[in-house]
Amino acid sequence: MDSQILLGIVNGLSSLVKDADYISLAMLGGTAFIIYECATLSTYLKRVATRKMKKFAKDFPSLIDMNSCVLTKLRHAKSELNADRVAVVQFHNGCQNLSGIDFAKMSCTHEAVRPSLKPAQADFLNLPVSAFSYLTNAAFGVEPKVIMNIERLRKFDMSTYTLLKSHKAVSFALAPLVSDDQDVFGFIIVEFCKIREDITSGDFQFLLKTYAEKIAALLDCSDLGDLDEERLFKAPSEEA
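Residues numbered from 1 in each chain as written. Predicted model: local features only at pLDDT ≥ 70, side-chain atom pairs only at ≥ 80, totals over all residues. Heavy atoms only, no water.

Trainee: What am I meant to see in the pattern of salt bridges here?
Mentor: Should the charged atoms of two oppositely charged side chains come close, the side chains can pair. Scanning all chains against the criterion turns up 6 salt bridges. A salt bridge links Arg85 to Glu111; the shortest N-O distance between them is 2.7 Å. Of this pair, Arg85 sits in strand E1 (residues 85-96) while Glu111 is found in strand E2 (residues 102-113), placing the two residues 26 residues apart along the sequence. Across the pair Lys165 and Glu151 runs a salt bridge, and its minimum N-O distance is 3.3 Å. You can see Lys165 sitting in helix H4 (residues 158-166) and its partner Glu151 sitting in the loop between strand E4 (146-147) and H4, a full 14 residues away along the chain. Accessibility expressed as a relative area gives 44% for Lys165, which makes it partly exposed. Residue Glu151 is classed as partly exposed on the basis of its relative accessible area of 34%. Ionic contacts of the salt-bridge type, sharing partners, join the residues Arg85, Glu111 and Glu191 into one network. (Salt bridge = Lys/Arg side-chain N within 4 Å of Asp/Glu carboxyl O. Helix = DSSP H or I, 4+ residues; strand = E, 2+ residues; numbered from the N terminus. Buried < 20%, exposed > 50% of the residue type's maximum accessible area, 1.4 Å probe, protein only.)

Trainee: What exactly am I supposed to notice about the nonpolar core here?
Mentor: Inside soluble globular proteins, nonpolar side chains tend to come together where they are buried. Val70, Leu74, Leu177, Ile188, Leu208, Ile215 and Leu219 are the most contacted members of the largest nonpolar core, which totals 28 residues. Those elements giving two or more residues to this core turn out to be helix H2 (22-80), E1, strand E5 (171-178), strand E6 (184-192) and helix H5 (202-219). With 9 residues, H5 is the single largest residue contributor to this core. Met106, Leu164, Leu174 and Ile189 belong to the second-largest nonpolar core, a separate cluster that totals 23 residues. (Core = buried A, V, L, I, M, F, W, Y, C linked by side-chain atoms within 4.5 Å.)

Trainee: Whenever I open this one, the sheet that holds E1 confuses me. Can you help?
Mentor: Spatially, 6 strands are ordered E3-E2-E1-E6-E5-E4 in an open sheet, and the strand pairing comes out antiparallel. This sheet does not close on itself; its edge strands, each paired only once, are strand E3 (127-128) and E4. Sitting on the sheet, H5 touches E1, E2, E4, E5 and E6, and the angle it makes with E5 is about 40°. (Pairing = 2+ DSSP bridges. Contact = heavy atoms within 4.5 Å. Axes fitted to C-alpha atoms, helices over the stretch in contact; angles between N-to-C directions.)

Okay, structure coming up:
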C-alpha cells in the first residue's frame, strides 16, 4: 500500500464529515494512519505465512525421511535392548500463564512398541514438565537414569508412576537427547514389563547412550544430506 492509497483513505473519510474542522481532520488523519498500519501489518503477516508454508512444503519430504530414520533406530533399540517399549520424548513450549511465562511441556514424538502392547503416544502429548519432575530431572542427569522397579516412584513422583504404570512398565531407563550446542531437548525412554536388573550394566548403558546420540543427531539436523545415513541405520552392534 503506497501514499496514494493512504490519501484515498483520508479523502474518503473526510467526505463523511460535514464542515470538517482541524480537529476532525486530525482525527481522520489518525484513523487513516491506523487503517494503513493495520493493512500493512496484514500484508506482512500474509507474506510471512506464505513463506513459512512454502518452506514447510519444501522441507516436508526431508521431515518424512527423518521420522522414518528415527523410527528405524527405535525399532533397532527395542530389539537390541530387549525392551517392550522405546520412545522419544521432546520438550517444547506450551501456553502462557497470566504473567506471560511459557509453560514448559513435553510430548512423545516417536514410539516403538511390542506388538502385544497398546501404543501410548496418543496419551503422552502436551504434558506439563512440572507434573513429571522425576523424568525431567533424570533427563538432565540430576537423578539416576535407571529405575529397576517403578514402585519406588510412589514416594517421589506419582504422576510419573501413574503414567508408566498405565504402560504396564515395571523397570525403565532413559538417556538425554542433546543437540550439537549441548542443549538437552528431550530424552529417549526404554520400558520393560518385568524387572530388569541388567539395565545397570555397562553394556546396556553404552547401547542406550549410543542410540540416544544417533537419534539426537537425526532430530537436530535440518538437512538429512549432512548425515551419514548408512551409519545411522546400522545398529550399534553392527559397528565393529
